[in-house]
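Below, each chain spelled out in residue letters.
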Amino acid sequence: MESILQFIGENMEMVYFLILAILLGVEVISNVPAILHTPLMSGANAIHGVVVVGAIIVMLQASPDNYLALGVGFLAVIVGTLNVIGGFVVTDRMLEMFKKKPKKS
Amino acid sequence: MIQLTFLEIAYLIASLTFIIGLKMLSHPDSARKGNLVAAAGMLLAIVVTLTLYQDFDSSKLLNYGLIFGGLVVGSVIGTIMAKRVQMTAMPQMVSFFNGMGGACAALIAIIEFQHHQHSTVTGFDGELLVMLLGLLIGSVSFSGSLIAYGKLEGKIKDKVLPFNQVINMSMLLAIIVLIVYQMVAGSSPLVFYGILVIALVYGVLFVMPIGGADMPVVISLLNSFTGMAAAFGGFLYGNKAMLTGGILVGSAGTILTILMCNAMNRSLTNVLLGAFGGGATGAAKTGSGDQTVREISISDTAVLLSYSQNVVIVPGYGLAVAQAQHICHELEKLLEEKGVEVNYAIHPVAGRMPGHMNVLLAEADVPYERMQEMEEINDKFTNTDVVVVIGANDVVNPAAKNDPSSPIYGMPILEVEQAKNVIIMKRGMAAGYAGIENELFFYPKTKMLFGDAKATLQKLTAEVKEI
């Protein structure tokens, strides 16, 4: 129990960060018109593709003879990039269609 | 040192673009720019990681070849898939990309676990816990998203195992026990991979029984799962960009999921446990056999439409599947020229996801102001001469209002039965996506126009031109 508290204490900055970011996410999203739910979900989907940065870090740290890490990391970079690129491109395609509307809802 | 400060500043900027991008995405006017802003931030985060990232001991960082290879392969495949996909198949595409993000998070956890085995932490091992959670949520999101993808593609059928909920609950319990065990007894590869396997199976069984109309909710939920998994990865590396991006999507995704549930007037638990539309509880009463429907011919429809004051079109997924949105827009223009006022009534969950139908109609150049949301248009139906329902079913089913035994009871619907005439364009008498009968079809004012939506609309447009 003590060590759990110690872990939280050491990462207090992160805990703050976590809570504020959660509240921010809730705040940013509320009041979205229903017509934007799909593009918004798709855009959010692309943003969590930031996990690819983790995959890159893994690869940067892996020693060149650790084939398991290299193989798995390589795969991680590919799927992560798929998430990012595919997500943003799909979202852009969806939103492209909204551009001609003359006035807001 | 300076290099690291630059790195941190760049991550800060990337985090800001995610927040601003998401904010802009939630307004129609700025949505497209918002997407590009977030994408630019993502590019920045990736580039600075490649160029500025340093290990604690500033040791050699390697494998650039492989990293670039992975980035190129991922980009090329991702772009091709995203460019080629039909607008109707958008929901499953999002689900697929989401699954890839989940897989990425799980793979990172696997590699980090390999490294972690050499460490000798005593007491509470927070890092291990974060890894385990990243692994768990990432894998559930991966396998769940792929099942959701397969279901929407029609490749996987809804399936409810006997005691499905019991199995799911016990698996969840097993995972928790294994995680606690691992936290107490120290890391063991066997337990770690055990959790991986159970999590993957859990993802499959979690989505499997959920069917029909509820799939968008599940995709949105899995989307926020992947966000959380990404945030755990960010925690592991103390990476602020990953943390912000992940948490933001995690919480925003959860809210979005709840908003979608609200649009269908159902609770999240109900969606997840109800197995609605999967055939388990959806066995609502079938229409009594003596009821008959009235058919209408294409030329009669053309006359009726041409001499109406105002017409409301209710598009559904059937319109999208038949790729009939363009011809539908043509018919609308033609009627406008004849002085008929034409509007579209968009149910919040028309199509397969909220807002999906708006995207499809916008693709066909239907003006934004013609698309009316449910609350606006419901008051106007009493003054509407003709409602044309094209390939929609459950969203106009009056049972949602007046049959408490119906599985969709309580869902807000488009009250088309208040209009003077209702024309239903449909392929046949099959039930809608939720698998239930629609009494509207048997109302005296309802006429059926059977056939493929696109072919029928083409003939109808030709007829209207003649008049």
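Residues numbered from 1 in each chain as written. Chains lettered and ligands numbered in written order. Predicted model: local features only at pLDDT ≥ 70, side-chain atom pairs only at ≥ 80, totals over all residues. Heavy atoms only, no water.

An unreviewed UniProt entry lists chain B under the name NAD(P) transhydrogenase subunit beta, from Mongoliitalea lutea. A UniProt comment under Function (unreviewed entry) is attached to chain B, and it reads "The transhydrogenation between NADH and NADP is coupled to respiration and ATP hydrolysis and functions as a proton pump across the membrane." On record in UniProt, under Sequence similarities (unreviewed entry), the comment for chain B is "Belongs to the PNT beta subunit family." (UniProt positions renumbered as here; feature names shortened; annotations may be inferred.)

Going by what an unreviewed UniProt entry lists, chain A is known as proton-translocating NAD(P)(+) transhydrogenase and is assigned to Mongoliitalea lutea. Listed under Catalytic activity (unreviewed entry) in UniProt, the entry text for chain A is "NAD(+) + NADPH + H(+)(in) = NADH + NADP(+) + H(+)(out)". Listed in UniProt under the heading Subcellular location (unreviewed entry), the comment for chain A reads: "Cell inner membrane".

Scanning chain B for helices and strands turns up 17 helices and 6 strands. Along the longest, intermediate and shortest principal axes, the C-alpha atoms of chain B span 80 × 50 × 35 Å. When burial is assessed residue by residue, chain B has 56% of its 467 residues classed as buried. Restricting to contacts in chain B with at least 6 residues of sequence separation, those with at least 24 account for 77%. Within chain B, the 35 negative side-chain charges are centred at a point lying 4 Å from the centre of the 28 positive side-chain charges. (Helix = DSSP H or I, 4+ residues; strand = E, 2+ residues; numbered from the N terminus. Buried < 20%, exposed > 50% of the residue type's maximum accessible area, 1.4 Å probe, protein only. Contact = heavy atoms within 4.5 Å. Lys, Arg positive; Asp, Glu negative; His and termini not counted. Charge placed at Lys NZ, Arg CZ, Asp CG, Glu CD.)

All right, on to the packing of helix α5 (residues 67-96) of chain A against helix α3 (residues 64-84) of chain B then. At a minimum axis separation of 7 Å, α5 of chain A and α3 of chain B run at an interaxial angle of 35 degrees. Once α5 of chain A is placed against α3 of chain B, the crossing between them reads as right-handed. Residue classes in the contact of α5 of chain A with α3 of chain B are distributed as 15 nonpolar, 8 polar and 3 charged. (Axes fitted to C-alpha atoms, helices over the stretch in contact; angles between N-to-C directions. Left-handed = near helix turned anticlockwise from the far one by under 90°. Nonpolar A, V, L, I, M, F, W, Y, C, P; charged D, E, K, R; others polar.)

To continue, consider the packing of aromatic side chains. To describe a pair of aromatic rings, you give the distance between the ring centres and the angle between the ring planes. All names here are of chain B. Scanning the model with the defined rule gives 6 aromatic pairs over all chains in all. Here phenylalanine 113 and phenylalanine 192 contribute two aromatic rings whose centre-to-centre distance is 3.7 Å and whose plane-to-plane angle is 10 degrees, an arrangement assigned as stacked. Residue phenylalanine 113 is found in helix α4 (residues 90-116), and its partner phenylalanine 192 is found in helix α7 (residues 189-207); the two are separated by 79 residues along the sequence. Taking the relative accessible area as the measure of exposure, phenylalanine 113 reaches 1% and is therefore buried. (Phe/Tyr/Trp six-rings, centres within 6.5 Å; stacked < 30°, edge-to-face > 60°.)

With that settled, consider the pattern of salt bridges. Residues and elements named next belong to chain B. According to the stated counting rule, one finds 7 salt bridges over all chains in the structure shown. Its salt-bridge partner being glutamate 153, residue lysine 155 comes within 3.8 Å of it at the nearest N-O pair. Between glutamate 332 and arginine 370 there is a salt bridge, with the nearest N and O atoms lying 3.7 Å from each other. One end of the pair, glutamate 332, is in helix α13 (residues 325-337); the other, arginine 370, is in the loop between α14 (356-363) and β3 (371-373), with 38 residues separating them in the sequence. We classify glutamate 332 as buried; its relative accessible area is 2%. Residue classification places arginine 370 among the partly exposed positions, given a relative accessible area of 22%. Put simply, Glu332, Glu336 and Arg370 are held in one network by salt bridges that share partners. (Salt bridge = Lys/Arg side-chain N within 4 Å of Asp/Glu carboxyl O.)

This part is about a nonpolar patch on the surface. Residues and elements named next belong to chain A. On the surface, Ile4, Leu5, Ile8, Met12, Tyr16, Leu18, Ile19, Leu20, Ile22 and Leu23 cluster together into a nonpolar patch covering about 920 Å² of accessible area. Looking at the nonpolar patch, the elements with two or more residues in it are α1 (2-10) and α2 (12-29). With 7 residues, the single largest contributor to the nonpolar patch is α2. Tracing the backbone shows leucine 18 in helix α2. What makes leucine 18 partly exposed here is its relative accessible area of 36%. (Patch = residues over 30% accessible without salt bridge, like charges linked within 9 Å, V, L, I, M, F, W, Y side chains within 5 Å. Areas by Shrake-Rupley, 256 points an atom, 1.4 Å probe, with all protein chains shown as cover.)

Looking at chain A, the domain boundaries give domain 1 (1-31) and domain 2 (33-104). Each of domain 1 of chain A and domain 2 of chain A was reduced to a C-alpha centroid, and the two centroids are 24 Å apart. (Domains from an automatic or database assignment.)

Residues and elements named next belong to chain A. As recorded in UniProt, the sites labelled "transmembrane region" (unreviewed entry) are residues 15-36, 43-62 and 68-91. As annotated, residues 43-62 comprises 80% helix and 0% strand, and the C-alpha atoms at either end are separated by 31 Å. With 100% helix and 0% strand, residues 68-91 has its two end C-alpha atoms placed 34 Å apart.

Moving on to the interface of chain B and chain A. Opposite the 104 residues of chain B that make contact, chain A presents 87 residues. At the boundary of chain B with chain A, total buried surface from both sides reaches about 8,700 Å², with 79% on carbon and sulfur atoms. Considering only the surface of chain B that becomes buried against chain A, Arg32, Phe124 and Tyr368 of chain B emerge as the three largest contributors, covering 8% of it. Our count for the contact surface shared by chain B and chain A stands at 1 salt bridge. Mapped by element, the contributors of at least two residues to the side of chain B that touches chain A are α1 (2-25), α2 (31-52), α3, α4, α5 (126-153), α8 (215-237), α9 (240-263) and α14 of chain B. Of the residues in the side of chain B that touches chain A, the class split is 60 nonpolar, 30 polar and 14 charged. (Buried area = accessible area lost by both parts, 1.4 Å probe.)

Attention shifts here to the domain arrangement of chain B. How big an interface is tends to be stated in terms of accessible area lost as the parts join. Entries for chain B in the domain assignment read domain 1 (1-84), domain 2 (89-279) and domain 3 (298-466). The C-alpha centroid of domain 3 of chain B is placed 43 Å from the C-alpha centroid of domain 1 of chain B.

Our focus in this paragraph is the packing of α4 of chain B against α7 of chain B. Residue and element names in this part refer to chain B. Relative orientation of the contacting elements α4 and α7 amounts to 175 degrees, with a least axis distance of 12 Å. By the angle between their axes, α4 is roughly antiparallel relative to α7. On α7, the residues touching Ala109, Ile110, Phe113 and Gln114 of α4 are Pro189, Phe192, Tyr193 and Leu196. In terms of residue class, the contact of α4 with α7 is built from 7 nonpolar, 1 polar and no charged. (Parallel < 35°, antiparallel > 145°, perpendicular 65-115°, else oblique.)

Scored by pLDDT, chain B comes out at a mean of 85, with 91% of its residues at no less than 70. Note that residues 276-290 of chain B has pLDDT below 50 and, in this model, 26 contacts with residues that lie over four places away or in other chains. (pLDDT = per-residue confidence, 0-100.)

All names here are of chain B. You can see leucine 440 is positioned in the loop between β5 (421-426) and β6 (446-450). Leucine 440 sits 265 residues away from isoleucine 175 along the chain, and the two C-alpha atoms are 47 Å apart. Ignoring any residue separated from it by four or fewer positions in sequence, one finds leucine 440 in contact with Val396, Pro398, Val416, Glu417, Val422, Ile424 and Thr446.

Before going further, it helps to spend a moment on α4 of chain B. Compared with the 39 Å implied by 1.5 Å per residue over 27 residues, the 39 Å span of α4 of chain B between its first and last C-alpha is a close match. Extensive coverage of α4 of chain B is indicated by the burial of 25 of its 27 residues. (Expected span 1.5 Å × (residues − 1).)

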